[in-house]
Amino acid sequence: DYGNDLTVAELLNGNFIYLWSDDRRVDENNYVYEIKFTLFDHAGNQITPIKVLSNIGTPTTVVNDQEPAIAVTPDGNIGVVWYRQRWHSILDLRNYNIVFSILDQEGNVIHAPEEITDNDIWGSNCYEELNMPCYYDPQIAATGDNHFWPTLSTSFL
């Protein structure tokens, strides 16, 4: 296992949430990347076990969830966005989306991960194929009225 894309935010109660992407071998040929997280208190003591927030892979579809970003609203909710690439291993096709989820200060999921870009286009590679969207570099901000504002970068050929 190799952790990547670490992001940290302080919560209203003084604790900290750490999120990162981590790979996991699913069979002899494939790995997936999952978004994992844990909470620490202000003294640096881990207060929750490491939890997996993402990954909905199937035997034929490898899901790579990476580049998490977080923001905390004034009421304490934690907004999380990340980049998702799906790869259909039999057809050798890919799909790209940005995913959004909300946690509470105790690390409970209160809004299940949802693909907010709603992209259903599959192709060989978004960097080489015409009209195939490629999403990356997700960011998120919290507003003063307890909402989230996710942003992302996209490109088309």
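That block above? That's the structure.
Fair warning: this is a prediction, and the values are worked out from it, not measured in the lab. (Residues numbered from 1 in each chain as written. Predicted model: local features only at pLDDT ≥ 70, side-chain atom pairs only at ≥ 80, totals over all residues. Heavy atoms only, no water.)

J.: An account of the overall build of the protein chain is requested, with residue identities and associated values reported.
T.: Of regular secondary structure, the protein chain possesses zero helices and 10 strands. For the protein chain, the N- to C-terminal ordering of α and β elements is β-β-β-β-β-β-β-β-β-β. What you see for the protein chain is a C-alpha radius of gyration of 16 Å, in line with the 15 Å of a compact globule of 157 residues. Taking the principal axes of its C-alpha atoms as reference, the protein chain extends roughly 45 × 35 × 20 Å. The buried share of the protein chain, reckoned over its 157 residues, is 45%. Sequence-distant contacts, at least 24 apart, represent 44% of the contacts inside the protein chain between residues at least 6 apart. When the accessible surface of the protein chain is summed, it comes to about 8200 Å², and 50% of that surface belongs to carbon and sulfur atoms. (Helix = DSSP H or I, 4+ residues; strand = E, 2+ residues; numbered from the N terminus. Rg over C-alpha atoms; globule rule 2.2 N^0.38 Å. Buried < 20%, exposed > 50% of the residue type's maximum accessible area, 1.4 Å probe, protein only. Contact = heavy atoms within 4.5 Å. Areas by Shrake-Rupley, 256 points an atom, 1.4 Å probe, with all protein chains shown as cover.)

J.: Outline the pairing of strand 8 (residues 109-115), supporting the account with residue identities and numerical values.
T.: Pairing of strand 7 (residues 93-103) with strand 8 involves four bridges; the strand directions are antiparallel. By the bridge assignment for strand 8, Phe100 is matched with Glu114. Remark: five residues form the turn of the hairpin made by strand 7 and strand 8, two consecutive strands paired antiparallel; Gly107 in that turn has positive phi of roughly 90°. (Pairing = 2+ DSSP bridges.)

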